[in-house]
Amino acid sequence: YKTDIYFYNLRLLGVRTQGSEKQGKVAKLTKAEVLMLNIGSMCTGARVVAVKGDLAKLQLTSPVCTKEGEKVALSRRVEKHWRLIGWGQIQAGVVLE
């Protein structure tokens, strides 16, 4: 199950900052990294297969019923918790029969 996701607005949310510190910056997605995707009401894991600019190719751990253009929330494991890092949009995918 592979899909291409165009991602935006990568910011670390839900992590405390001290005083007037700015919100944490998020490191770029790396190959083989594991993320959690929320697509509609479905939640699934995904492994980053490739990254090129703002386009990432992900391999999902389980199939998801969705369509191109659907919005997706991206979460990363930070300090033993899943933290929202941004959102994306599905650009392409593999249709299962």
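Conventions and cut-offs
- Residues numbered from 1 in each chain as written.
- Predicted model: local features only at pLDDT ≥ 70, side-chain atom pairs only at ≥ 80, totals over all residues.
- Heavy atoms only, no water.
- Helix = DSSP H or I, 4+ residues; strand = E, 2+ residues; numbered from the N terminus.
- Areas by Shrake-Rupley, 256 points an atom, 1.4 Å probe, with all protein chains shown as cover.
- Buried < 20%, exposed > 50% of the residue type's maximum accessible area, 1.4 Å probe, protein only.
- Salt bridge = Lys/Arg side-chain N within 4 Å of Asp/Glu carboxyl O.
- Contact = heavy atoms within 4.5 Å.
- Core = buried A, V, L, I, M, F, W, Y, C linked by side-chain atoms within 4.5 Å.
- Pairing = 2+ DSSP bridges.

1. Brief notes about the overall build of the chain
And step 1. Helices and strands together make up the secondary structure of the chain, namely zero helices and six strands.
And step 2. Ordered by position from N to C terminus, the α and β elements of the chain give β-β-β-β-β-β.
And step 3. When the accessible surface of the chain is totalled, it reaches about 6,700 Å², and 51% of it is carbon and sulfur.

2. Here's the deal with the environment of Q91
And step 1. Tracing the backbone shows Q91 in strand β6 (residues 81-93).
And step 2. Take Q91: its relative accessible area is 37%, and that puts it in the partly exposed class.
And step 3. The sequence separation of Q91 and L55 amounts to 36 residues, and the corresponding C-alpha distance is 8.9 Å.

3. Structural notes on the pattern of salt bridges
Should their charged atoms come close, side chains of opposite charge can pair.
And step 1. In total, this model carries one salt bridge according to the counting rule given.
And step 2. One salt bridge connects R76 with E33, and the closest N-O pair in it is separated by 2.5 Å. On the criterion of sequence distance, the pair formed by R76 in strand β5 (residues 71-78) and E33 in the loop between β1 (2-8) and β2 (34-39) is long-range, its members being 43 residues apart.
And step 3. Among the residues examined, E33 registers a relative accessible area of 14% and is labelled buried.

4. Some points on the environment of A73
And step 1. Within the secondary structure layout, A73 lies in strand β5.
And step 2. Considered as a pair, A73 and I85 are 12 residues apart in the sequence and their alpha carbons are 8.0 Å apart.
And step 3. Every residue in contact with A73, bar those within four places of it in the chain, is listed here: M36, L37, N38, L84, G86 and W87.

5. Things to note about the nonpolar core
And step 1. Grouped together as the largest cluster of nonpolar side chains are 15 residues, with contacts concentrated most on L35, L37, I39, L58, V72, L74 and I85.
And step 2. Elements represented by at least two residues in this core include exactly β2, β3 (42-52), β4 (55-60), β5 and β6.

6. Some points on the pairing of β3
And step 1. Note: β2 against β3, six bridges, orientation antiparallel. Considered in β3, the bridge of M36 is made with G45.
And step 2. Connecting β2 to the next strand, β3, in antiparallel fashion are two residues, including G40 with a positive phi near 60°.
And step 3. Two elements, β3 and β4, share six bridges in a ladder whose sense is antiparallel.

7. A short note on the side chain of S75
And step 1. The topology assignment puts S75 in strand β5.
And step 2. Those residues in contact with S75 that sit more than four places away from it in its chain are L35, M36, N38, W82, R83, L84 and I85.

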